[in-house]
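Spelled out, the chains give:
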Number of protein chains: 2
Amino acid sequence: MTRQLKSFIEVAQDSDFPIQNLPYGVFSETAEGTRRIGVALGEWVVDLAALEAHGYLALQSGEQYFNQPTLNKFIDSGKSSWSKVRAELQKLLSADNAELRDNSALREQVFFKQANVTLHLPVHVPGYTDFYSSKEHATNVGCMFRDPKNALLANWSELPVGYNGRASSVIVSGTDIVRPSGQIKLPNEERPQFSACRKLDFELETGFIIGKQNQLGQPITVENAWDHIFGMVLFNDWSARDLQQWEYVPLGPFNSKTFASSISPWIVTLEALEPFKTSSPVQEPQPLAYLREDHSANSYDIQLSVEIQAEQAAQADVICETNFKYMYWSMAQQLAHHTIAGCNVQVGDLMGSGTISGPTPDSYGSLLEITWNATKPLTLSNGEQRTFIQDGDTVIMKGHCEKDGLRIGFGEVSGKILPALQFDFQ
Amino acid sequence: MTRQLKSFIEVAQDSDFPIQNLPYGVFSETAEGTRRIGVALGEWVVDLAALEAHGYLALQSGEQYFNQPTLNKFIDSGKSSWSKVRAELQKLLSADNAELRDNSALREQVFFKQANVTLHLPVHVPGYTDFYSSKEHATNVGCMFRDPKNALLANWSELPVGYNGRASSVIVSGTDIVRPSGQIKLPNEERPQFSACRKLDFELETGFIIGKQNQLGQPITVENAWDHIFGMVLFNDWSARDLQQWEYVPLGPFNSKTFASSISPWIVTLEALEPFKTSSPVQEPQPLAYLREDHSANSYDIQLSVEIQAEQAAQADVICETNFKYMYWSMAQQLAHHTIAGCNVQVGDLMGSGTISGPTPDSYGSLLEITWNATKPLTLSNGEQRTFIQDGDTVIMKGHCEKDGLRIGFGEVSGKILPALQFDFQ
């Protein structure tokens, strides 16, 4: 049984990366070294390019899928290839298979300590879309900025609201972020002013990576949508709330989001997540036909958390614990809606879930909600208070599934905020 | 003098493509043939890959810039290369230079009739942003959907409002477009319904193509912005008004725009447009420092028009005539704003102007405005009426500059609307 599968590589009980996971990433031995594909296994990266060079994982003769700087070519090789490679890797890495286990020369070429390598953006992201699919989050935002009695706009319950994000500023975990500057409008001022962002926030999200394109003008049905998804990542949709509030009407968020969007370096495949399928919330009203699907197993039970590590603090504080299963709209519904008017998606596209808030304040997925727009400051364990993110803070998001002794995790997505630029005209 | 420059190739008086223009595009001899770079000259395409193969236009030894399926590599070679190639081409194609003129063997390899080749998307578009920078357009929309007395939202006069578009569905002129379907909400109905779009519209825009990237976190100043622009195209930002009205709050347009966005096949360089520089409108209030620039020569006098060719009509009807110079925010201001919070732009990015409306109804850049949301139907010369676009209609946009006998044009961007898909569940 898969659950009993063990690798000859020692994997700690609480590791996110047992042999049942094998998430895909891109690494290099030095920061500027050659990028290639690996999977995570315990504390190690397994170099798939090295395995490929030795005749393993062959998908098409003469083609290199893993000696590549991004996963796009492998992903584009199709779902049956993903399964084939996963099965071969699990076999090759299993405790009872001597082939790699007892070949120390090959093992030296194939295994690298994660702590010693540089992880890169795992895919080239041609397009990035962000949804807004947590009912709790949309309700909280609606309560704060609109009418608590009519917090959800009329369209929210009818379609997975989404908007186009900026793909060029999608970055990998660990990349520092300069505090953005721009126009903010204070309530008592007649005109906006130029300022560094004063309300810098995170948004706890997951993202899914498109595994199969559709042609322009040919929608993906909700039934077929799952076949178009390669896997999932953790995602921090950094947000400058003060820039956002001033700029977002009528065409949506722009500079408040486009300065950085961080993803985790490991893409966890849907196959690895299969044991953690669960139901999504009952949808009322029942969606229109093109969005209708059986909700009994269209979500995943993924525990998510956010930590803030203040620059001078001895340890990080967990400030949010929530779960992916709260999402009202499923990934398949998001994708069916995204393409229903004819839009084409491309291999590597990132689809953000939207902020994932749970029902209670300790499960809210943004500081905006946790501190209720700065009216309820948060006290960290070192005594410092936070309403929004300060310079030097590192925000760390983690996620994992756990069931019957099996743990499949995402690792983390983290990012540190650097001070804003100084401008000549200031 | 440049104005007197003539090519040995006959160019008609009213051609958009004299030797002073030389816009860049991508062509192939057959639809599926090898794509390479060309410039337009009169009725001809000049094959730059063929010239390069014969030792002309050399930028860096051993590198091919024109035997490429997109312009990105050439654009990325930098502004001095653009000038160098333009100067060499003008010299090589001039009437008094015998080198190519009298080499009939080479001429046969280099010149192709535009009518006999297939034109493709000239650039790979990594990112697409659409602005909303015509005061007349924003005012018209505000009058229709908000308050005629406060038609412009407060932020509009302070910053060039923009939003992220969908780059994957940017297509080249001549590509047919399937009428989009999706959710529309009729005023008297409680819930939305699934329907083919009933209010399909065009938006007359121009776009500029990014010629030089910036690093994430490093804004482009308004002074430097012009150096980051390679050239301009005509742009039709197709819009499904009924989908848009229902979906756009609070995060902006999505499916109403992502089904198709058409650009002209020729990119006209800023160098070619130089003689047509003009002032943009006076800005009141004066923008914040990061957006401030001398407005005396930060726009271009480009005459623009829209025609509708009904399927059965003998001829197309001109339904709009306007000018780029009406734009309130300049391209440099748009780019400075786009990057001020740190967003990075990439070579090949498309930046849409937003609908370009003039002051009078015959200069409005969308059917929404021309027919005032279907309350004032338009009568075509064959007697048919239009409120929005019908199946079989072809929308054709044209643009050119003209001054002292010199005409520099964009050619056209056209697209025909095909009937909506039929869905099983309908």
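Just so it is clear, the model here is predicted, and its values are computed rather than measured.

### Topic: the side chain of A:Gln114
Residue and element names in this part refer to chain A.
Argument step 1. One can find Gln114 in the loop between strand E4 (111-113) and strand E5 (118-120).
Argument step 2. The class for Gln114 is buried, based on a relative accessible area of 18%.
Argument step 3. Engagement of the side chain of Gln114 in a polar contact is seen with the backbone oxygen of Gly42, the distance being 3.0 Å.
Argument step 4. Every residue in contact with Gln114, bar those within four places of it in the chain, is listed here: Phe17, Ala40, Leu41, Gly42, Glu43, Trp44, Val45 and Trp266.

### Focus: the sheet that holds strand E3 (residues 44-47) of chain A
Residue and element names in this part refer to chain A.
Argument step 1. Overall, antiparallel pairing links the five strands, which are arranged E4-E3-E2-E1-E5 in an open sheet. The two strands at the open ends of the sheet, each matched to only one other strand, are E4 and E5. Strand-to-strand twist across the sheet, computed as the mean angle between neighbouring axes with direction ignored, equals 45 degrees.
Argument step 2. Here strand E1 (residues 24-28) runs beside strand E2 (residues 36-41); their pairing, made up of four bridges, is antiparallel. Bridged to Gly25 within E2 is Gly38.
Argument step 3. On the sheet, helix H3 (residues 79-93) packs against E1, E2, E3 and E4 and is oriented at approximately 70 degrees with respect to E1.

### Section: the packing of aromatic side chains
Residues and elements named next belong to chain A.
Argument step 1. The final tally for this structure, using the stated rule, is 38 aromatic pairs over all chains.
Argument step 2. With a centroid separation of 5.1 Å and an interplanar angle of 85 degrees, the aromatic rings of Phe194 and Phe423 are classed as edge-to-face. Remark: Phe423 occurs in the segment after strand E26 (406-418) and Phe194 occurs in strand E11 (residues 193-196); sequence separation between them is 229 residues. You'll find Phe194 and Phe423 in the same group, each marked buried.
Argument step 3. Over the face of the ring belonging to Phe112 we find Arg36, whose NZ or CZ atom lies 5.4 Å from the ring centre.

### Points about the pattern of salt bridges
All names here are of chain A.
Argument step 1. Applying the stated criterion across every chain yields a total of 40 salt bridges over all chains.
Argument step 2. When the shortest N-O distance is used, the salt bridge between Lys398 and Glu307 registers 3.2 Å. Here Lys398, found in strand E25 (residues 394-403), pairs with Glu307, found in strand E20 (residues 303-309); they are 91 residues apart in sequence, far enough to count as distant.
Argument step 3. Accessibility expressed as a relative area gives 33% for Lys398, which makes it partly exposed.
Argument step 4. With its nearest N and O atoms 2.8 Å apart, the salt bridge here joins Arg386 to Glu384.
Argument step 5. Residue class for Glu384 comes out partly exposed when judged on its relative accessible area of 26%.
Argument step 6. Salt bridges sharing common partners tie together Asp201, Glu203, Asp237, Arg241 and Lys257.

### A closer look at the relation of the copies chain A and chain B
Argument step 1. Here chain A sits on chain B after a turn of 180 degrees about the axis and a move of 0.0 Å along it, with an RMSD of 0.0 Å. Read as a symmetry element, the transformation amounts to a two-fold axis. Considering only C-alpha atoms, the part of chain A nearest the rotation axis is A:Gly252, at 2.1 Å.
Argument step 2. The residues that chain A uses at the interface reappear at the interface of chain B in 100% of cases, marking a shared surface.

### Examining the interface of chain A and chain B
Argument step 1. Taken together, the contacts link 64 residues of chain A with 65 residues of chain B.
Argument step 2. Overall, the association of chain A and chain B removes approximately 5,600 Å² of surface from exposure, summing both partners, and the carbon and sulfur fraction of that is 62%.
Argument step 3. At the boundary of chain A with chain B, the tally comes to four salt bridges.
Argument step 4. Of the charged contacts in the structure, one is a salt bridge between B:Arg191 and A:Glu158, with a shortest N-O distance of 2.8 Å.
Argument step 5. Looking at the side of chain A that touches chain B, the elements that each hand over two or more residues are strand E6 (128-131), strand E7 (162-164), strand E10 (181-184), E11, helix H7 (241-247) and helix H9 (331-339) of chain A.

### Quick word on the domain arrangement of chain A
Residue and element names in this part refer to chain A.
Argument step 1. As far as domains go, chain A holds domain 1 (2-120) and domain 2 (128-418).
Argument step 2. Distance from the C-alpha centre of domain 1 to the C-alpha centre of domain 2: 29 Å.
Argument step 3. If you look at the interface, domain 1 gives 28 residues, while domain 2 gives 27 residues.
Argument step 4. Joining domain 1 to domain 2, the criterion identifies two salt bridges.
Argument step 5. One can count nine residue pairs in polar contact (both at pLDDT 80 or more) joining domain 1 with domain 2.
Argument step 6. A class-by-class count of the residues in the side of domain 1 that touches domain 2 yields twelve nonpolar, ten polar and six charged.

### So, the nonpolar core
Argument step 1. In terms of nonpolar packing, the biggest core is built from 124 residues, with B:Tyr24, B:Leu48, B:Leu51, B:Leu89, B:Leu93 and B:Met232 touching the most fellow members.
Argument step 2. Looking at which element gives the most residues to this core, the answer is strand E14 (residues 229-236) of chain B, with six residues.
Argument step 3. Within the second largest apolar cluster, 123 residues are counted, among which are A:Val46, A:Ala167, A:Leu204 and B:Phe194.

### Focus on the sheet that holds strand E21 (residues 317-323) of chain B
Residues and elements named next belong to chain B.
Argument step 1. One open sheet accounts for five strands, arranged E9-E26-E25-E20-E21; its pairing is mixed. A single partner strand is all that each edge strand has here, and the edge strands are strand E9 (177-178) and E21.
Argument step 2. Pairing between strand E20 (residues 303-309) and E21: six bridges, direction antiparallel. Note that in E21 the partner of Val306 across the bridge is Cys320.

### Side note on the UniProt feature "binding site: substrate" (unreviewed entry) in chain A
Residues and elements named next belong to chain A.
Argument step 1. In this structure's numbering, the residues bearing the UniProt feature "binding site: substrate" (unreviewed entry) are Tyr132, Arg146, Gln244, Tyr248 and Thr355.
Argument step 2. Along the chain, Gln244 turns up in helix H7.
Argument step 3. Apart from the residues within four sequence positions on either side, Gln244 is in contact with Ser239, Pro253, Ser256 and Lys257.
Argument step 4. If you trace the backbone, Tyr248 turns up in the loop between H7 and strand E16 (261-263).

### What about H9(A)?
Think of an α-helix as turning once every 3.6 residues; residues three or four places apart then point the same way.
Argument step 1. Across the nine residues that make up H9(A), a large majority, nine, are buried.
Argument step 2. Each element contacted by the buried residues of H9(A) is listed here: E6, strand E13 (204-210), strand E14 (229-236), strand E19 (299-300) and strand E22 (350-352) of chain A together with helix H8 (255-258) of chain B.

Procedures and definitions
- Residues take numbers from 1 onward in each chain, read along the sequence in its written order.
- Whichever chain is written first becomes A and whichever ligand is written first becomes 1, with later ones labelled in order.
- Totals for whole chains, interfaces and linings use all residues, but because this is a predicted model, local features are given only for residues with pLDDT of at least 70 and pairs of side-chain atoms are given and counted only at 80 or more.
- With hydrogens and water set aside, each side-chain value is computed from the structure's full complement of heavy atoms.
- A run of DSSP states H or I qualifies as a helix once it reaches four residues; a run of E qualifies as a strand once it reaches two. Both are numbered from the N-terminal end.
- Buried residues are those whose accessible area, probed at 1.4 Å on protein chains only, stays under 20% of the maximum for their type, while exposed residues exceed 50% and partly exposed ones sit between those limits.
- Pairing of N or O atoms within 3.5 Å defines a polar contact, subject to two protein rules: one partner must be a possible hydrogen donor and the other a possible acceptor, and residues neighboring in sequence count only if both atoms are side-chain atoms.
- Residue contacts are defined here by distance: any two heavy atoms, one from each residue, within 4.5 Å place the two residues in contact.
- For two strands to count as paired, DSSP must find a minimum of two bridges between them.
- As a rule, the C-alpha atoms of each element are fitted with a line to give its axis, helices using only the stretch in contact, and angles between N-to-C directions run from 0 to 180 degrees.
- The rule is short: rings of Phe, Tyr and Trp, with Trp giving its six-membered ring, pair when the centres are within 6.5 Å, and they are stacked under 30 degrees, edge-to-face over 60, tilted in between.
- Placement of a positive charge over a ring is assigned whenever Lys NZ or Arg CZ falls within 6 Å of the ring centre and within 35 degrees of the normal to the ring plane.
- Salt bridge criterion: a side-chain nitrogen from Lys or Arg within 4 Å of a carboxyl oxygen from Asp or Glu.
- When the copies are superposed, the least-squares fit takes in the C-alpha atoms of residues with a pLDDT of at least 70 in both.
- Once two parts are joined, some of their accessible surface, as seen by a 1.4 Å probe, is lost; buried area is that loss totalled over both.
- For the domain bounds, the source is a domain assignment made automatically or taken from a database.
- The classification used treats Ala, Val, Leu, Ile, Met, Phe, Trp, Tyr, Cys and Pro as nonpolar, Asp, Glu, Lys and Arg as charged, and all other residues, Gly among them, as polar.
- The set of buried Ala, Val, Leu, Ile, Met, Phe, Trp, Tyr and Cys residues whose side-chain atoms join them within 4.5 Å is what this entry labels a nonpolar core.
- UniProt positions are given in the numbering used here, feature names are shortened, and annotations may be inferred rather than shown by experiment.

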